[in-house]
Amino acid sequence: MPLKDKVLIVEDDTGICNVLTAVLSTSGYETITAATAREADTLIRSHCPDLVLLDLGLPDRDGLEVIRAVRGWSGMPIVVVSARSQEADKVAALDAGADDYIVKPFGAEELLARIRTALRHARSAGASSDIARTGMLRVGGLAIDYDRRQVTVDGAPVHLTPNEFKILALLGRNTGRVLTYDAIIRELWGPGTQGDNQILRVNMANIRRKIEQNPAEPRYVFTEAGVGYRMAEEKEQPGTPEP
Ligand code: CA
């Protein structure tokens, strides 16, 4: 019998907690549950779950504090499941260190897909391990050569400005993850920079014009409206079989 991944469900609404437990159990996960931030802290430290599903509106403390506390010592995947649908809430959770954000109500299939992605990231430590090994990232026809700072699409060289390369390289080190506008701006221009999304948008429009066949329907870099950008994973490219 294969080892099951253990998921901690942090949720104070008993009904939702039961649904999540049922969905995960039937899909082969072992589940434990916590109804408060305090309980979550204790279980995270004692069980070291493979993944945490986290509600933000908890009775004792905000879920954001749970994320920050865990990120002080662990990179374990945290997927926020929240009724808060505002872009600002997503940004806050992702900037605090959450791996993904699902808005309630959600479908079981979507939830399971996000969980699988977050677990796979944790296993492979993102694409960065590939980059460390080969100096290259390949997503479909897009190839980023980190050592030579060159980008090609379907073998043809793409001429990017230094900032455009930096943005693409950063997204490439985080394939599948949404990077918020502020996170990208901080990485590029330093922590003291006031976020100016407009500069980033202009850069992204230029990048898309250069790397995407149809910039209006991007294949490589997706927009999470009002939140940030996400580079596709190799798995999302058509024609690449699942292992
Ligand atoms: Ca709640």
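Here the structure is a predicted model, which means the values were calculated and not measured. (Residues numbered from 1 in each chain as written. Predicted model: local features only at pLDDT ≥ 70, side-chain atom pairs only at ≥ 80, totals over all residues. Heavy atoms only, no water.)

Draft legend 1. Summary view of the environment of Leu 20. Structurally, Leu 20 can be placed in helix α1 (residues 14-26). Taking the C-alpha atoms as reference points, Leu 20 and Ile 9, separated by eleven residues in sequence, lie 7.6 Å from one another. For Leu 20, the residues in contact, after removing those within four places along its chain, are Ile 9, Leu 53, Phe 106 and Leu 111. (Helix = DSSP H or I, 4+ residues; strand = E, 2+ residues; numbered from the N terminus. Contact = heavy atoms within 4.5 Å.)

Draft legend 2. Broad picture of the sheet that holds strand β3 (residues 51-54). Across the sheet, which stays open at both edges, the five strands sit in the order β2-β1-β3-β4-β5 with parallel pairing between neighbours. The sheet terminates laterally at β2 (30-34) and β5 (100-103), the two strands that pair on one side only. Across the sheet, the mean angle separating the axes of adjacent strands is 20° when strand polarity is ignored. Looking at chain direction, strand β1 (residues 6-10) and β3 are connected through four bridges and run parallel. Counterpart to Val 10 in the pairing with β3 is Leu 54. (Pairing = 2+ DSSP bridges. Axes fitted to C-alpha atoms, helices over the stretch in contact; angles between N-to-C directions.)

Draft legend 3. Here's a closer look at a negative patch on the surface. Together, Asp 12, Asp 13, Glu 39, Asp 60 and Glu 65 give the surface a local cluster of negative charge. Locating Glu 65 in the fold gives a position in helix α3 (residues 63-71). Given a relative accessible area of 37%, Glu 65 falls into the partly exposed group. (Patch = residues over 30% accessible without salt bridge, like charges linked within 9 Å, V, L, I, M, F, W, Y side chains within 5 Å. Areas by Shrake-Rupley, 256 points an atom, 1.4 Å probe, with all protein chains shown as cover. Salt bridge = Lys/Arg side-chain N within 4 Å of Asp/Glu carboxyl O. Lys, Arg positive; Asp, Glu negative; His and termini not counted. Charge placed at Lys NZ, Arg CZ, Asp CG, Glu CD. Buried < 20%, exposed > 50% of the residue type's maximum accessible area, 1.4 Å probe, protein only.)

Draft legend 4. Focus on the nonpolar core. With 29 residues, the main nonpolar core has Leu 168, Leu 171, Ile 211, Val 221 and Met 231 as its most contacted residues. Counting only elements with at least two residues in this core, the list comes to β6 (136-139), β7 (142-145), β8 (150-153), α7 (162-172), α8 (181-189), α9 (197-211) and β12 (228-231). Sort the elements by how many residues they give to this core and α7 lands first, with six residues. Ignoring anything within four residues of it in the chain, the contact list for Val 221 reads Leu 168, Leu 171, Met 204, Arg 208, Ile 211, Glu 212, Tyr 229, Arg 230 and Met 231. Counting 23 residues, the second-largest nonpolar core is a separate cluster that includes Leu 43, Val 52, Ile 67 and Ala 96. (Core = buried A, V, L, I, M, F, W, Y, C linked by side-chain atoms within 4.5 Å.)

Draft legend 5. Layout of the coordination of the calcium ion. The protein atoms donating to the calcium ion are Asp 12 (OD), Asp 55 (OD) and Gly 57 (O), with metal-donor distances spanning 2.2 to 2.4 Å. In primary sequence terms, the donor set of the calcium ion follows D-x42-D-x1-G. By relative accessible area, which is 6% here, Asp 55 ends up buried. On the basis of relative accessible area, Gly 57 is assigned to the partly exposed category, the value being 35%. (Donors = N, O, S within 2.8 Å, 3.2 Å for Na, K, Ca; no water.)

Draft legend 6. Spotlight on the pattern of salt bridges. For the structure shown, the criterion picks out nine salt bridges. The partner of Asp 99 in a salt bridge is Arg 71, with the nearest N and O atoms 2.9 Å apart. One end of the pair, Asp 99, is in the loop between α4 (87-96) and β5; the other, Arg 71, is in helix α3, with 28 residues separating them in the sequence. Judged by relative accessible area, Arg 71 falls into the partly exposed class, the value being 24%. Residues joined in a network through salt bridges with shared partners are Glu 11, Asp 55 and Lys 104.

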